[in-house]
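The lines below spell out each chain.
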Amino acid sequence: MGEEVEVVVREFEPNKDREGVEAVERICEVGPGGKISLFTDLRGDPICRVRHSPTFLMLVAEIGNEIVGMTRGCIKTVTCGKKLHRHGKNNTADSTAKQVPVYTKLAYILGLRVSPLYRRMGIGLKLVRAMEKWFRDNGAEYSYMATENNNVASINLFTDKCGYSKFRTPSILVNPVFEHRVKTSSKIKIIKLDQNDAESLYRLRFSTTELFPRDIDSVLNNKLSLGTFLAVPRGSYGPDTWPGPAHFLASPPHSWAVLSIWNCKEVFSLEVRGVSRVKRALAKMTRVVDRAFPWLGLPSIPNFFRPFGFHFLYGVGGEGPEAVKMVRALCGFAHNLAKEKGCGAVATEVSRLEPLRLGVPHWKMLSCEEDLWCIKRLGEDYSDGSVGDWTKSPPEFSIFVDPREV
């Protein structure tokens, strides 16, 4: 019988571990046998995907002096439910009630990787358990992870061995950035909100949305956030007549929509590999035609076969009978901004139940209609008794996806 291999799980050390981590990323991301796969270039910063979170950690698994696995984790405070809060004296005619958010401390595991040569040795389980210990030590009440719905190995690890349960199935919607600009409706006015107004609007209208981050101000003020944009009927409001979030929500137009844009291009890049030469040539042809005849508005496939960046749309919301049209106009605006910034795609993630997703243009071949989130309760105590066990709660129509964890 061979000796049992000692696996050491420890905190990532940038100067010592960077090359080993990048080697594992490369071998895990690129599929063998000519299969199409997506390669993520972290540009020499393995913690770039969690660096902007309030609290984060990266762990590596080591055998001898070789890095054989790693994972990342972060902790934040988010909305897990809502309750009624009364103003005035209890049970009187003067008392009013409104819904207020109930917050919990939520942890997120992402980027779990184990080198193919060292799988089936329990390394992934060691990494998850070590990360969960750090979560508990830092007061997290729940932990969740996201994976592709067909990633059987990952799902089995978390649900069978780590005690996670299937929780939400959001949709990742991706749209290519064409060679031509997208036309937006002349009947819709798009206003850029300053950071204070954006924060107020989100807190007043969306703070009870599931997974809304309590530190939304940190998200909006981050250097990667390119702004928050509001779509309204032309003639209702404009930059000169904007009354502020409170007055706007007290007397809104018949329809409106809002979203914010996060610049992932400055953090990491993606690259599609394993595509045949014929398909590459066909994709190039669509770009040539689109560039030559932009007025036709023909869809073209960007050069996804070399590193490309993308913008992520978050905080998508709105109301009214034409809110879907408003979202579509905002997505067109975001497409044109991404084109100016040299991006290859625009993406967002929304609940599968989200009515406004009908306004989000996307290509099915690039999108994931049903991603999978799994969740686990870490502590015995709840942040609020009115919520109960969040892991057993039914899905809501909307979720708020934090761009810091994309």
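All residue numbers refer to position in the chain's written sequence, counted from 1. Predicted model: local features are reported for residues with pLDDT of at least 70 only, side-chain atom pairs are reported and counted for 80 or more only, and whole-chain, interface and lining totals are derived from all residues. Hydrogens and waters are ignored; side-chain quantities use all the structure's heavy atoms.

A separate point is a nonpolar patch on the surface. On the surface, a nonpolar cluster with roughly 810 Å² of combined accessible area is contributed by Val278, Leu282, Met285, Val289, Phe293, Trp295, Leu296 and Leu298. In this fold, Trp295 is placed in the loop between α7 (277-292) and β13 (310-319). Candidate patch residues must exceed 30% relative accessible area and have no salt bridge, after which like charges are joined if within 9 Å and Val, Leu, Ile, Met, Phe, Trp or Tyr side chains if within 5 Å. Computed with the Shrake-Rupley method and a 1.4 Å probe, the accessible areas treat only the protein chains shown as cover for residues. The salt bridge criterion pairs a side-chain nitrogen of Lys or Arg with a carboxyl oxygen of Asp or Glu, the two atoms within 4 Å. Segments assigned H or I by DSSP are reported as helices when at least four residues long, segments assigned E as strands when at least two residues long, and all are numbered from the N terminus.

Right, let's get into the nonpolar core. For the purposes of this section, nonpolar cores are sets of buried Ala, Val, Leu, Ile, Met, Phe, Trp, Tyr and Cys residues that join through side-chain atoms within 4.5 Å. Buried, partly exposed and exposed residues are distinguished by accessible area as a fraction of the type maximum, computed with a 1.4 Å probe on protein chains only: under 20%, between the cut-offs, and over 50%, respectively. Core analysis: the biggest nonpolar cluster contains 64 residues, and Tyr202, Leu230, Phe248, Phe310, Phe312 and Trp390 have the highest contact counts within it. Ranked by residues supplied to this core, first place goes to strand β4 (residues 66-87) with five residues. Setting aside chain neighbours within four positions, we find Trp390 in contact with Val78, Thr79, Cys80, Thr104, Leu106, Tyr142, Phe167, Arg168, Glu210, Leu211 and Ile375. The next biggest cluster of nonpolar side chains, apart from the first, holds 28 residues, and it includes Ile109, Leu157, Tyr164 and Cys374. The criterion used for residue contact is that any of the two residues' heavy atoms lie within 4.5 Å.

This brings us to the sheet that holds β13. Overall, mixed pairing links the six strands, which are arranged β8-β14-β13-β11-β10-β9 in an open sheet. With one partner strand each, in any of the chains shown, β8 (171-176) and β9 (188-193) form the two edges of the open sheet. Geometrically, the sheet is characterised by an average inter-axis angle of 25 degrees between neighbouring strands, direction not taken into account. Lines fitted to the C-alpha atoms define the axes, with helices restricted to the stretch that makes contact. Angles between their N-to-C directions range from 0 to 180 degrees. Against the sheet, helix α4 (residues 195-206) engages β9, β10 (225-233), β11 (256-263) and β13, with an angle of about 120 degrees to β11. Two strands are said to pair when DSSP picks up at least two bridges between them.

Attention now goes to the environment of Met365. Within the secondary structure, Met365 sits in the loop between β14 (345-350) and β15 (371-377). Considered as a pair, Met365 and Ser53 are 312 residues apart in the sequence and their alpha carbons are 30 Å apart.

What follows is about the confidence of the model for the protein. Per-residue confidence from the prediction method is given by pLDDT, with values spanning 0 to 100. The predicted model of the protein averages 91 in pLDDT, with 93% of residues at 70 or higher. In this model, residues 30-34 is a region of pLDDT below 50 whose contacts with residues beyond four sequence positions or in other chains number five contacts.

Side-chain positions along a regular strand alternate between the two faces of the sheet. Across the nine residues of β10, eight count as buried, placing the element largely inside the fold. As judged from the six bridges shared by β9 and β10, these two strands associate in the antiparallel manner. Paired with Leu193 across the two strands is Thr228, which belongs to β10. With six bridges connecting them, β10 and β11 associate as antiparallel partners. Looking across to β11, one finds that Ala231 is bridged to Ala257.

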